[in-house]
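Here is what each chain is made of, one letter per residue.
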There are 2 protein chains.
Amino acid sequence: MRRTFLSLLALLAFTAALPADEGMWLFNRPPTATIKAKYGFELTDEWLARVQGSALKVGGGGSGSFVSADGLVLTNHHVAQEFILKLSTKEKDLVKGGFLARTPAQELKCPDLEIEQLVSIEDVTARVNAAVTPGMDPTAAAAARRKVSADIEKENSEKTGLKCEVITLYQGGAYHLYRAKRYTDVRLVFAPEAGAAAFGGDPDNFEYPRYCLDISLLRVYENGQPAKPEHYLRWSKEGPVEGDVSFVAGYPGRSSRLITMAELDYQRNVSFPAGNARLKRLEVLLLAWGSRSAENQRRAKDFLQTVQNTRKVRDGNLAALYDPTFYELRAKAETEFKARIAREYPEATEARAAFDRIAEAQATMAKAAPRYRWLELGHAFTADVFFIARRLLRAGEERTKPNGERLREYADARKAALERQIFTEQPLHEDLETVLLADSLLAWSEAVGTNDPLVKQVLAGKSPRVRAGELIKTTKLRDLAVRKALYEGGKAAVDAAKDPLIEVARIVDAEARELRRVAEWVEEVKRQSQGILAKARFALDGANTYPDATSTLRLSYGVMKGYEQDGTPIPSFTVAQGLFDRATEQNNREPFELPASWARAKAKLNLKTPYNFVSTHDIIGGSSGSPVVNRSGEFTGIVFDGNIQSLISDFAYDDRQSRTVSVHSSIILEALDKVYGAPELVKELKESKR
Amino acid sequence: MRRTFLSLLALLAFTAALPADEGMWLFNRPPTATIKAKYGFELTDEWLARVQGSALKVGGGGSGSFVSADGLVLTNHHVAQEFILKLSTKEKDLVKGGFLARTPAQELKCPDLEIEQLVSIEDVTARVNAAVTPGMDPTAAAAARRKVSADIEKENSEKTGLKCEVITLYQGGAYHLYRAKRYTDVRLVFAPEAGAAAFGGDPDNFEYPRYCLDISLLRVYENGQPAKPEHYLRWSKEGPVEGDVSFVAGYPGRSSRLITMAELDYQRNVSFPAGNARLKRLEVLLLAWGSRSAENQRRAKDFLQTVQNTRKVRDGNLAALYDPTFYELRAKAETEFKARIAREYPEATEARAAFDRIAEAQATMAKAAPRYRWLELGHAFTADVFFIARRLLRAGEERTKPNGERLREYADARKAALERQIFTEQPLHEDLETVLLADSLLAWSEAVGTNDPLVKQVLAGKSPRVRAGELIKTTKLRDLAVRKALYEGGKAAVDAAKDPLIEVARIVDAEARELRRVAEWVEEVKRQSQGILAKARFALDGANTYPDATSTLRLSYGVMKGYEQDGTPIPSFTVAQGLFDRATEQNNREPFELPASWARAKAKLNLKTPYNFVSTHDIIGGSSGSPVVNRSGEFTGIVFDGNIQSLISDFAYDDRQSRTVSVHSSIILEALDKVYGAPELVKELKESKR
């Protein structure tokens, strides 16, 4: 089984008697036998139901869990930060200063924040595949698959009132329908100050040992009252036990372990280098602009953190991809898989052709990629208000088409998400948006030249800086009422508005849509081909495998465990004393400044309280905020990061040094009690109810 | 005259009755008549001799001046910083903490720091041009010109004992021999802490209003005694007078005002975008690595500042180059110049052909540029110790050739500079150099692919990170004695050493040299063609023009004068109170932290003392440290920056908003007296002697 999944451990022949703690498993196909064999623990249906019901998707890109019968949700500070920022003002910066609601009345409703709870999964592979008839070309096949998916989603969401989504698994090997309950009234209960949550900031991001209280508490409401979820996690008295099996349940975003070498080469040679250059340009821009004043810094902070975090991930990935040890083993594994196909698999010709078709599709994408990035991904127009403009433009057009024929994000099943994006209440700062748009217009001009017809039309004879200033100044789209009117008025209203940013989106939209069609054709070819390869894998290795991460609920298993780095053993957990030591050793310079609240509380604190810990769980970006759960289904920690060695996880699992980093359950209670003076919350967490 | 020099003022038809304060003029061709007409001031030979003798080139890339009869030199802190850093240790950081020698015995000798004083200039155009015979191909012509230049330099330096250099002026329109006295025993006398010298750091760099005490004092020694220069600047009692003519004498590095549109397009479309992407990548790398510990930050600081400074300049240039207002006026000026040539110039055919040849040469360079940057500029090998390795390799080879046939930097006339670079005593930190080399090897691999034969040979089957670590760890070149032995042992010793870094330099050297040949061919074609265009300009506009900056001594004139920005008038000078205000307004966050020394001295200070001021002088990078001199030849300030609007100066002068930023003479005395408690220095500056 692991051979298929490219465990570096296996590849490097460090084979242990038992399989490594690899895999982000489907809740409807859990690795019950493996866990039983390795750890003597039985995953019961009841246990799975409780963990599935408690684990949450938070804010689109993160994870969390119910931790009380009264709808209290624990997630990371960095997952909630975007929303805490929206509640902040120049005068009252809740990210910087933290927040505590002592009573329900003080809890603050978070604009745009949505929490999802997975209700059920259904395998719809047969119905999806049936819609694609042999001989269909990729574009028609993609359309047919999109249509049948939209139909399934619509039927199910009308029937259940739930958010229904057809998920492509095993790169096209299976299709499952995920039904989720959506909570839209989410309120902020507690957030520590950023200096405690993200102690060490970007320098310590992806590093270990760590001392981050990267948590925040939210409360989900229904009908104006705290929700009463059926499932929630009780608080563990002991916390994680060294070496004993535990579980992470969360929403890992996207991994690439099943991709072919042609796809890997595309990432390595085309996608990552270009993406990283853009990120570094953005990072310098945001740092330089932010450094001009404290208010600039506050405005740029959230985007800057995203950029820095992504840049660090990409740099880690690039380092792995340009490491011949990794790259050649990956290539060797594919060669061996191809050899096994030739030897053992009846439909070898079809499988071989699938490899070739992926390579051809990827070559097509490599050609389209630069313009695709500028125009369809909108890298030429890095300003939130531009994307609002484009959504309004496209929403006007797409909604005149039948549901199944629309661009995916305009399908009825995704209406709520679309409207949330268009009607976002986040601040759209004129100054920051101008700086971002000016620089991205300039980057685009540099890359394709000022004689490019689209550049000419968009810039209208002006410099990127002047044009950006004028566009941001004159657009009406920062006004929510205008957006509502245009969205409700549909195509006619959008066309009549002549809003300058919508008109810019319109200038590039024909080519952007064409590039999108190319990209979707490529994706479809790869999906079909990967479907064929998945069949081969199932035939050769059995179906007891896990698919690449897809931002859907997964279960990982592992143990709290240290590792070795440059010959030095790194212990499995840190303690509170270490926070004070690290601040001192760094001369208290930003972002290692000891938070004032912790300095004040030091005398009261038990400095031996475990703070952060590392474990072998297989995670990936998106897993942030996932609960770590013990055999009894109790909460023992919350995932907030991986160490630098874990960045290879996008492409392969390797438990020699790669570790998940979590906040220990003990420090959460200790800090709420002694640092933040929140006995109500300590009580609610300990007793699992208000 | 100004039409030729692309004064934007003239181009934009904001024509004033009198010419703008444009030009970085040759001391042997000063704009005497213009200054007399505009300001009623006569540049006498005596005045020019005093200013020429007082103005100094400091440390290769900056300017300074003698300010006492006892060899005291005033320059910028940022010019001297590289050397102050070399005097610092982990325990005693003189950049951070500042330095004051109360007695000559306490003055610290700066390793590698050299100061030059221009002694005389001779026009050698006729002899240089005579060496190039009609019909010679560009490579032969370049070799002939290199040979005759080397001959002139050698003869003169043997005869005078001075540093002699043939300078190409007017892009090839004239050749002048510059003879300079070299001072190599330079000692640090005073440096304020970086927090005062560079208050506002990178965020305020190129901005105004400013509050930087960007000065340091050095003393030049000869034969173990303070030097007694013939010329030095006396201190002005009044400082600069608003609106009255004053002068800047210094070493502006390089401007591009005479380049053709083909050359401008190359900068705009090829050179600047690629260069800037590299700078931003480096900036992120240095910031991220520096942020991991206080010691990392100290080690990365100097290079980081250079990178940030250059990046800001390049960004400013790019903004100008992508501004159609600027670009189209520049294009129009060329079109008009071509039209005048066709109408009025007898040798119009030759001049037209010169434009075409430049365009062709530039197209050739555009093709070679990527590999030229990786291999010959060494962007694939960003580590100081690599460049030492390459210098040793090439010194071994070049010194077996006749002087006139060597690569320029290995000519006998440049021996001292070469040896200073090879025998540098600057710290070559293993950790920083590894990080830099790893990232540049990775960047190179990303750009040209891992199948590139040179990449394969250099990486030897390892990842960039592993290979960089191994190369930096195993090279012996951090050991000065090893370098000395190899340099003295020549080619045989270098070949026998098998030092891993020298071997890496060897792997790429054949192609690097070939690319260098291409670049020199391109330069020669451009030089010849520009020589033809310069002749046309002299014929059409007279010879009373100034050449582009060439890191040689120049004289600019102008006035202290405010400007308007976004409708707000910006006053011509700031006062000490503003420093305290800006620190408060920025919450004292780095790099706006009020220096402790200033906080302590506040009560004693005259808070109305003028601090920094702006003026219309035409300067460019390299002018940093230049004295501002009044009619009486007295010191009134020291240039340390230009405002953001001045960044266009690389390509054109525009005095509407572009300003030179200087430290006012008054704040220097006030600070030395009341903040730094240095009465000896105040006395020496006031009395012009110890």
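Residues numbered from 1 in each chain as written. Chains lettered and ligands numbered in written order. Predicted model: local features only at pLDDT ≥ 70, side-chain atom pairs only at ≥ 80, totals over all residues. Heavy atoms only, no water.

S.K.: Honestly, the overall build of chain A in this entry has me stumped. Any pointers?
M.R.: Scanning chain A from N- to C-terminus turns up 24 helices and 21 strands. For 690 residues, the compact-globule formula gives about 26 Å, and the C-alpha radius of gyration of chain A, at 25 Å, lands near that figure. Across its three principal axes, chain A shows a C-alpha extent of roughly 65 × 65 × 50 Å. When contacts within chain A are restricted to residue pairs at least 6 apart in sequence, those whose partners lie at least 24 apart make up 79%. Surface summary for chain A: the accessible area is close to 25,900 Å², and the carbon and sulfur share equals 52%. Positive and negative side-chain charges of chain A, numbering 97 and 93 respectively, have mean locations separated by a distance of 2 Å. (Helix = DSSP H or I, 4+ residues; strand = E, 2+ residues; numbered from the N terminus. Rg over C-alpha atoms; globule rule 2.2 N^0.38 Å. Contact = heavy atoms within 4.5 Å. Areas by Shrake-Rupley, 256 points an atom, 1.4 Å probe, with all protein chains shown as cover. Lys, Arg positive; Asp, Glu negative; His and termini not counted. Charge placed at Lys NZ, Arg CZ, Asp CG, Glu CD.)

S.K.: Looking at this structure, I do not really get the domain arrangement of chain A. What am I missing?
M.R.: One frequently used descriptor of interface size is the decrease in accessible area upon assembly of the parts. Residues and elements named next belong to chain A. Here chain A is partitioned into domain 1 (2-114 + 184-248 + 550-686), domain 2 (118-182) and domain 3 (261-532). Each partner contributes to the interface: domain 1 provides 12 residues, whereas domain 2 provides 13 residues. Contact between domain 1 and domain 2 buries roughly 1,100 Å² in total, counting both sides, with carbon and sulfur atoms accounting for 55%. Ranking the residues of domain 1 by area buried against domain 2 places N28, R29 and Q52 at the top, with a combined share of 36%. Applying the counting criterion to the domain 1 and domain 2 interface returns 3 salt bridges. (Domains from an automatic or database assignment. Buried area = accessible area lost by both parts, 1.4 Å probe. Salt bridge = Lys/Arg side-chain N within 4 Å of Asp/Glu carboxyl O.)

S.K.: Can you help me understand helix α21 (residues 576-585) of chain B in this one?
M.R.: Helical geometry: 3.6 residues make up each α-helical turn, so side chains three or four residues apart lie on a common side. All names here are of chain B. Every buried residue belonging to α21 is among A576, G578, L579, F580, R582 and A583, and all of these are buried. In this structure, the buried residues of α21 make contact with α9 (201-204), β17 (573-575), α22 (596-601), β18 (610-615) and α23 (665-675). Phi turns positive one or two residues past the end of α21, at N587, with a value near 55 degrees. (Buried < 20%, exposed > 50% of the residue type's maximum accessible area, 1.4 Å probe, protein only.)

S.K.: Could you clarify how one ought to interpret the sheet that holds strand β21 (residues 660-664) of chain A in this entry?
M.R.: Within a beta sheet, neighbouring strands are joined by backbone hydrogen bonds and run either parallel or antiparallel to one another. Residue and element names in this part refer to chain A. Spatially, β1-β14-β13-β19-β20-β21-β18-β17 is the arrangement adopted by the 8 strands of the open sheet, whose pairing is antiparallel. Unpaired on one side and paired on the other, β1 (25-26) and β17 (573-575) mark the two borders of the sheet. As judged from the 5 bridges shared by strand β20 (residues 635-642) and β21, these two strands associate in the antiparallel manner. Paired with G642 across the strands is T660, a residue of β21. (Pairing = 2+ DSSP bridges.)

S.K.: I would appreciate a short explanation of the packing of aromatic side chains in the present structure.
M.R.: Centre distance and the angle of the planes are the two values used to describe a pair of aromatic rings. For the structure on display, the rule yields 40 aromatic pairs over all chains. Summarising the aromatic geometry, the rings of F199(A) and F592(A) are spaced 5.9 Å apart at their centres and angled 85 degrees between planes, so their arrangement reads as edge-to-face. Separated by 393 residues along the polypeptide, F199(A) in the loop between α8 (194-197) and α9 (201-204) and F592(A) in the loop between α21 (576-585) and α22 (596-601) bring together distant segments of the chain. Taking relative accessible area as the criterion, F199(A) reaches 1% and is therefore assigned buried. For the ring pair F386(B) and F387(B), a centre distance of 5.3 Å and an interplane angle of 85 degrees mean the geometry is edge-to-face. (Phe/Tyr/Trp six-rings, centres within 6.5 Å; stacked < 30°, edge-to-face > 60°.)

S.K.: Got a minute to help me understand the relation of the copies chain A and chain B in this structure?
M.R.: Applying a rotation about an axis and a shift along it to one chain copy brings it onto the other copy. Turning chain A through 180 degrees and shifting it by 0.0 Å along the axis lays it on chain B, with an RMSD of 0.1 Å. A rotation of that kind, with that shift, is consistent with a two-fold axis. Scanning chain A for the C-alpha nearest the rotation axis identifies K280(A), at a separation of 3.0 Å. A symmetric contact is evident, with 100% of the interface residues of chain A recurring at the interface of chain B. (Least-squares fit on C-alpha atoms with pLDDT ≥ 70 in both.)

S.K.: Hey, could you run me through the interface of chain A and chain B in this one?
M.R.: The interface of chain A with chain B comprises 37 residues on the first partner and 37 residues on the second. Summed over both sides, the interface of chain A with chain B buries roughly 3,100 Å², with 55% coming from carbon and sulfur. Put simply, chain A and chain B have 4 salt bridges between them. With 9 residues, helix α10 (residues 261-290) of chain A is the largest single contributor of residues to the side of chain A that touches chain B.

S.K.: Could you clarify how one ought to interpret a negative patch on the surface in this entry?
M.R.: Together, E590(A), E593(A), E590(B) and E593(B) make up a negatively charged patch on the protein surface. By the secondary structure assignment, E593(A) is in the loop between α21 and α22. A residue is classified by how much of its surface remains accessible, and E593(A), at 47% relative accessible area, is partly exposed. (Patch = residues over 30% accessible without salt bridge, like charges linked within 9 Å, V, L, I, M, F, W, Y side chains within 5 Å.)

S.K.: I'm lost on helix α3 (residues 45-54) of chain A in this one. Help?
M.R.: When we look at burial in α3(A), the residues that qualify are W47(A), L48(A), V51(A), Q52(A), G53(A) and S54(A). On its buried face, α3(A) sits against β2 (55-58), β3 (62-66), β7 (115-123), β13 (245-250), β14 (554-559) and β19 (627-629) of chain A.

S.K.: What exactly am I supposed to notice about the environment of M261(A) here?
M.R.: Residue and element names in this part refer to chain A. Mapped onto the elements of the fold, M261 is located in helix α10. Sequence separation between M261 and E334 is 73 residues, and the spatial gap between their C-alpha atoms is 7.3 Å. Dropping the residues within four chain positions of it, M261 is found in contact with Y327, R330, A331 and E334.

S.K.: Honestly, unusual backbone geometry in this entry has me stumped. Any pointers?
M.R.: Most peptide bonds take the trans configuration, and most residues that are not glycine carry a negative phi. Looking along the chain, the bond that leaves E590(A) and enters P591(A) is cis, with omega of 0 degrees. Within the secondary structure, P591(A) sits in the loop between α21 and α22. If you check the backbone angles, Y170(B) has positive phi at about 50 degrees while not being a glycine. Looking at the element boundaries, Y170(B) is found in the loop between β8 (163-169) and β9 (174-183). The buried category is assigned to Y170(B), whose relative accessible area is 3%.

S.K.: How should the sheet that holds strand β19 (residues 627-629) of chain B be read in this particular structure?
M.R.: All names here are of chain B. Strand order in the open sheet formed by 8 strands is β1-β14-β13-β19-β20-β21-β18-β17, with antiparallel pairing between adjacent strands. The strands lining the two open edges of the sheet, one partner per strand, are β1 (25-26) and β17. Sheet topology places strand β13 (residues 245-250) next to β19; 2 bridges connect them, and they run antiparallel. Looking at β19, one finds that V248 is bridged to V628. Each of β18, β20 (635-642) and β21 (660-664) is contacted by α23, which is oriented at about 40 degrees to β21, the strand it contacts most. (Axes fitted to C-alpha atoms, helices over the stretch in contact; angles between N-to-C directions.)

S.K.: I would appreciate a short explanation of the pairing of strand β4 (residues 72-75) of chain A in the present structure.
M.R.: All names here are of chain A. Of the two faces of β4, both are covered, the one formed by L72 and L74 as well as the one formed by V73 and T75. In the sheet, β3 pairs with β4 via 3 bridges, with the strands oriented antiparallel. Residue S65 lies in a different strand from β4, and its bridge partner there is L74. Hairpin geometry of β3 and β4 is characterised by an intervening segment of 5 residues between the two adjacent antiparallel strands and by a positive phi of about 75 degrees at G71. Looking at chain direction, β4 and strand β11 (residues 216-222) are connected through 4 bridges and run antiparallel. When the bridges of β11 are listed, V73 appears paired with L218.

S.K.: For this particular structure, what's the right way to read the confidence of the model for chain A?
M.R.: Atomic detail in the predicted coordinates should be set aside for any region of low pLDDT. All names here are of chain A. For chain A, mean pLDDT is 93; residues scoring 70 or higher make up 97% of the total. A low-confidence stretch, residues 1-17 (pLDDT under 50), is modelled with 45 contacts involving residues beyond four sequence positions or located in other chains. Across the predicted assembly, pTM comes out at 0.84 and ipTM at 0.84. (pLDDT = per-residue confidence, 0-100.)

S.K.: Before we go on, may I ask you to explain the packing of helix α16 (residues 430-448) of chain B against helix α18 (residues 464-474) of chain B in this structure?
M.R.: Residues and elements named next belong to chain B. Taken N-terminus to C-terminus, the directions of α16 and α18 make an angle of 140 degrees; their axes are 8 Å apart at the nearest point. Classified by the interaxial angle, the pair formed by α16 and α18 is oblique. Viewed along their axes, α16 and α18 form a crossing whose handedness is right-handed. Here E430, E433, T434, L437, A438, L441, L442 and S445 of α16 lie close against α18, whose contacting residues are P464, R465, A468, G469, L471, I472 and K473. Each residue belonging to the contact of α16 with α18 can be placed in one class, and the counts come to 8 nonpolar, 3 polar and 4 charged. (Parallel < 35°, antiparallel > 145°, perpendicular 65-115°, else oblique. Left-handed = near helix turned anticlockwise from the far one by under 90°. Nonpolar A, V, L, I, M, F, W, Y, C, P; charged D, E, K, R; others polar.)

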